[in-house]
Amino acid sequence: MGIIKVALVDEHGIDEAEVDGDTHVLDPILPQFQSDRFHCLRFIDPFGDTVFNRLQMQRLIQEWNAVQSAASDVPTQNLVAQVADLIRKGAAERHTYLKFFGD
């Protein structure tokens, strides 16, 4: 299956915000684990949950910008933009985490 949800969660694991749309469209644009170019994104597990903290999101912003160009259609572009917003918001707040829920 792949990514089923992307959300910004608080320190108690409660969703503060999440992307709206079919998150499976992210699967083809995420880098493979073997890609040394991506220090954070390559660790997103499409079959498990992956959590990034505020410090990691500083790096994640740069990496996400690099994959945004791979979004070829409007629904994917909209979803990618929503994730970018969550990353920026999470990077600016303490005790906030970006969580990718895998299937």
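Numbers given for residues are sequential positions, taken from 1 along each chain in its written order. Predicted model: local features are reported for residues with pLDDT of at least 70 only, side-chain atom pairs are reported and counted for 80 or more only, and whole-chain, interface and lining totals are derived from all residues. Heavy atoms from the whole structure form the basis of all side-chain values; hydrogens and water molecules are not counted.

**Some points on the overall build of the chain**
Threshold: Secondary structure is summarised from DSSP: a helix means a run of H or I of at least four residues, a strand means a run of E of at least two, and numbering begins at the N terminus for each. What the globule rule says is 2.2 Å times the number of residues to the power 0.38, and the radius of gyration is computed from C-alpha atoms. Relative accessibility decides the category of a residue: with a 1.4 Å probe and only protein chains considered, values under 20% of the type maximum give buried, values over 50% give exposed, and everything between is partly exposed. When checking whether two residues touch, look at their non-hydrogen atoms; a contact exists if any pair is within 4.5 Å.
Within the chain, the regular secondary structure consists of 2 helices and 4 strands. Listed by position from the N terminus, the elements making up the chain come as β-β-β-α-α-β. Taken against the 2.2 N^0.38 rule, which gives 13 Å for 103 residues, the C-alpha radius of gyration of the chain at 12 Å falls within 12% of a compact globule. Taken over the C-alpha atoms alone, the chain extends approximately 35 × 30 × 25 Å along its principal axes. Within the span of the chain, comprising 103 residues, buried residues form 40% of the whole. Partitioning the intrachain contacts of the chain with sequence separation of at least 6 by distance along the chain shows that 66% fall at a separation of at least 24.

**Remarks on the pairing of strand β1 (residues 3-10)**
The cut-off we apply is this: Paired strands, in this sense, are two strands between which DSSP finds at least two bridges.
The buried count for β1 comes to 6 of 8 residues, which makes it a mostly enclosed element. The pairing of β1 with strand β4 (residues 96-102) spans 7 bridges and is classified as antiparallel. The partner of Val 6 across the bridge, within β4, is Phe 100.

**Examining the confidence of the model for the chain**
Worth spelling out the cut-off: The pLDDT score gives, residue by residue, the confidence of the prediction method on a 0 to 100 scale.
On average, the chain scores 94 in pLDDT, and the residues at 70 or more come to 99%. At the level of individual helices and strands, the chain shows its lowest average pLDDT in helix α1 (residues 54-67), which scores 94, and its highest in strand β3 (residues 50-52), which scores 98.

**Overview of helix α2 (residues 74-91)**
Stated precisely, the cut-off is as follows: Here the expected length of a helix is defined as 1.5 Å per residue gap, with one fewer gap than residues. Our arc is simply the arc of the directions from the helix axis toward the C-beta atoms.
Between its first and last C-alpha atoms α2 spans 26 Å; for 18 residues at 1.5 Å apiece the expected length is 26 Å, and the two agree. Buried within α2 we find Thr 76, Leu 79, Val 80, Val 83, Ala 84, Leu 86, Ile 87, Gly 90 and Ala 91. The buried residues of α2 occupy an angular sector of 160 degrees when the element is viewed end-on, so they sit on one face. Among the exposed residues of α2, those pointing more than 90 degrees away from its buried face are Val 74 and Pro 75.

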